[in-house]
Amino acid sequence: HLCTKNRLRGDYIRVVSYNILADLYADSDYTRTHLFPYCPPYALKIDYRKQLYLKEIIGYNADIICLQEVDFKIFDLDLKNIFDSEEFGYHGVIAQKGTCGEGVAIFYLTSRFNLVYKYELNIGENIRTLPQFAELWTQIKNNTKLVERICDRSTTLQVYTYI
């Protein structure tokens with residue numbers, strides 16, 4: 001935060017990308033025993049982590065904030081209430097990943113940007129058919145393991161146009 005005390009001005013923008021670890025992934029025996037065995041159980045609790053990542057993200061003074069693994073309830077009850085407030089001045093949008101209860105979210109500073117266009121899609125469901133992915137699909141379609149890995153995941157793409 002020493003390098004991000006002030007917002008950027010003019011033609012410069014600051015973009016922050018942060019994975020906040022959805023609570024549905026953090027609150028499981030597998031997570032506690034295999035993914036983060038070194039982490040004390042209290043530190044995986046959402047109420048503990050939420051305070052830390054909010055301070056971290058706010059301290060970057062970003063113009064655009066890109067978040068991964070965002071629980072819908074955290075987005076609706078916490079993130080939107082904080083970032084969309086008059087104090088911080090962002091507007092946020094979220095896109096669901098597949099059928100799970102989490103997704104990816106973008107918050108943009110409304111004093112610098114206006115949302116013009118919004119496009120969201122699930123890559124695994126669309127990589128075989130959309131013309132945007134044709135070149136990529138041609139290169140990977142014969143690699144069965146890679147195709148399964150990509151198509152079985154609920155990776156979501158968000159594209160937003162701002163002015």
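Only a predicted model underlies this, so the values are computations on that prediction, with no experimental measurement involved. (Residues numbered from 1 in each chain as written. Predicted model: local features only at pLDDT ≥ 70, side-chain atom pairs only at ≥ 80, totals over all residues. Heavy atoms only, no water.)

Engineer: Now, about the overall build of the protein: what can you tell me, with residues and values included?
Structural biologist: A count of helical and extended segments in the protein gives eight helices and six strands. In the protein, the succession of helices and strands from N to C terminus is β-α-α-α-α-β-α-β-β-β-α-α-α-β. Along the first, second and third principal axes, the C-alpha set of the protein runs to 50 × 45 × 30 Å. For the protein, buried positions account for 40% of its 163 residues. Counting contacts in the protein only where the partners sit at least 6 residues apart, residues at least 24 apart contribute 68% of the total. Total accessible area on the protein is roughly 10,200 Å²; 53% of this is exposed by carbon and sulfur atoms. In the protein, 19 side chains carry a positive charge and 20 a negative one; their mean positions are 4 Å apart. (Helix = DSSP H or I, 4+ residues; strand = E, 2+ residues; numbered from the N terminus. Buried < 20%, exposed > 50% of the residue type's maximum accessible area, 1.4 Å probe, protein only. Contact = heavy atoms within 4.5 Å. Areas by Shrake-Rupley, 256 points an atom, 1.4 Å probe, with all protein chains shown as cover. Lys, Arg positive; Asp, Glu negative; His and termini not counted. Charge placed at Lys NZ, Arg CZ, Asp CG, Glu CD.)

Engineer: Go over the confidence of the model for the protein with me, naming the residues and quoting the values.
Structural biologist: Residues of the protein with pLDDT of at least 70 account for 100%, and the chain-wide mean is 92. No element of the protein has a lower mean pLDDT than strand 6 (residues 156–162), at 80, and none a higher one than strand 1 (residues 15–19), at 97. (pLDDT = per-residue confidence, 0-100.)

Engineer: Please provide a residue-by-residue account of the environment of Arg112, values included.
Structural biologist: Summarising the element assignment, Arg112 is placed in the loop between strand 4 (102–109) and strand 5 (115–122). In this structure the C-alpha to C-alpha distance between Arg112 and Arg9, which are 103 residues apart in sequence, comes to 9.5 Å. Residues in contact with Arg112, not counting those within four places in the same chain, are Leu8, Arg9, Gly10, Tyr12, Ile13, Asp63 and Ile163. A polar atom in the side chain of Arg112 sits 3.3 Å from the backbone oxygen of Leu8. (Polar contact = N/O pair within 3.5 Å; in protein donor to acceptor, adjacent residues only side chain to side chain.)

Engineer: Residue-level account of the sheet that holds strand 4, with values.
Structural biologist: Spatially, the four strands line up as an open sheet ordered 1-2-4-3, and their pairing is mixed. Across the chains shown, the open sheet's two edge strands, defined by having one partner strand only, are strand 1 and strand 3 (90–96). For this sheet, the mean inter-axis angle between neighbouring strands, taken without regard to orientation, is 20°. As defined by bridge partners, strand 2 (residues 64–71) adjoins strand 4 across six bridges and the pair is classed as antiparallel. Residue Val70 lies in a different strand from strand 4, and its bridge partner there is Gly103. Packing against the sheet, helix 5 (residues 72–83) makes contact with strand 2, strand 3 and strand 4, and its axis sits at approximately 150° to strand 2. (Pairing = 2+ DSSP bridges. Axes fitted to C-alpha atoms, helices over the stretch in contact; angles between N-to-C directions.)

Engineer: Which residues make up unusual backbone geometry, and what are the values?
Structural biologist: The phi dihedral of Asn61 falls on the positive side, at around 50°, and the residue is not glycine. In this structure, Glu69 is a non-glycine residue whose phi angle is positive, near 55°. Secondary-structure assignment places Glu69 in strand 2. Overall, Glu69 belongs to the buried group, its relative accessible area being 17%.

Engineer: Mind laying out the pattern of salt bridges, listing which residues take part and the relevant values?
Structural biologist: Under the definition given, this model contains nine salt bridges. Arg49 serves as the salt-bridge partner of Asp23, at 3.9 Å between the closest nitrogen and oxygen. Placement of the pair is Asp23 in helix 1 (residues 23–26) and Arg49 in helix 4 (residues 46–58), with a sequence separation of 26 residues. Look at Arg49 and you get buried, because its relative accessible area is 10%. The salt bridge partner of Lys50 is Asp78, with a shortest N-O separation of 3.1 Å. (Salt bridge = Lys/Arg side-chain N within 4 Å of Asp/Glu carboxyl O.)

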